[in-house]
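The primary structure of each chain is shown beneath.
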Amino acid sequence: MEKVKGIGGLFFRARDPAALTAWYRDVLGIDPAPTDMETPPWMPEGGVTVFAPFAADTDYFPEAQQAMFNFRVSDMEAMLAQVRAAGAEPYNEQTMDGIGRFAHIRDPEGNAVELWQPISGD
């Protein structure tokens, strides 16, 4: 059976795409999509990617949100300090035995985003 190799992109609607692109670049270090052949795309590091449909009535992320991004980080403390410095307040911080540390933040448009530091440090 042929299988996909990974996620090729995350596409979502934004009220102000330019401002939100800048926030993700400046706060989380995600390079924007290239607009020419010279600009390199964001190249995430290899590691676990979880594909998990949730029940329609989940309260793990806001009901108004159809999906939630989960980004792997290698140093949760450093990332949370960076996020706080940008004016976002982490919430729902927790550690799950055998899985790692988690924290939620909201981007400037109110979208919940999950940060995950896997137990292996990926």
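Our structure is the block above this text.
Every value quoted in this text rests on a predicted model; they were computed, and no experiment measured them.

A. Region of interest: the pattern of salt bridges. Per the counting criterion, the structure on display carries four salt bridges. Two residues, Arg101 and Glu77, come together in a salt bridge whose shortest N-O distance is 2.7 Å. Pair noted here: Arg101 is in strand 3 (residues 100-106) and Glu77 is in helix 2 (residues 76-85), with a separation of 24 residues, a long-range link. On the basis of relative accessible area, Arg101 is assigned to the partly exposed category, the value being 25%. Here Glu77 falls in the partly exposed class, since its relative accessible area comes to 47%. Between Glu89 and Arg84 there is a salt bridge, and its shortest N-O distance comes to 3.4 Å. Residue Glu89 is classed as exposed on the basis of its relative accessible area of 54%. According to the relative accessible area criterion, Arg84 is partly exposed, its value standing at 37%. One salt-bridge network, in which partners are shared between bridges, spans Arg84, Glu89 and Glu93.

B. The pairing of strand 4 (residues 112-118), seen in detail. With seven of seven residues buried, strand 4 lies mostly within the body of the structure. Side chains of strand 4 alternate between two faces, with Ala112, Glu114, Trp116 and Pro118 and Val113, Leu115 and Gln117 buried alike. Bridge count between strand 1 (residues 69-72) and strand 4: four bridges; the pairing is parallel. Within strand 4, the position partnered with Phe69 by the bridge is Val113. Across seven bridges, the pairing between strand 3 and strand 4 is antiparallel. Residue Ala103 lies in a different strand from strand 4, and its bridge partner there is Leu115. In sequence, strand 3 turns back onto strand 4 through a hairpin of five residues, with Gly110 there showing a positive phi of about 90°.

About the thresholds
- Residues numbered from 1 in each chain as written.
- Predicted model: local features only at pLDDT ≥ 70, side-chain atom pairs only at ≥ 80, totals over all residues.
- Heavy atoms only, no water.
- Salt bridge = Lys/Arg side-chain N within 4 Å of Asp/Glu carboxyl O.
- Helix = DSSP H or I, 4+ residues; strand = E, 2+ residues; numbered from the N terminus.
- Buried < 20%, exposed > 50% of the residue type's maximum accessible area, 1.4 Å probe, protein only.
- Pairing = 2+ DSSP bridges.

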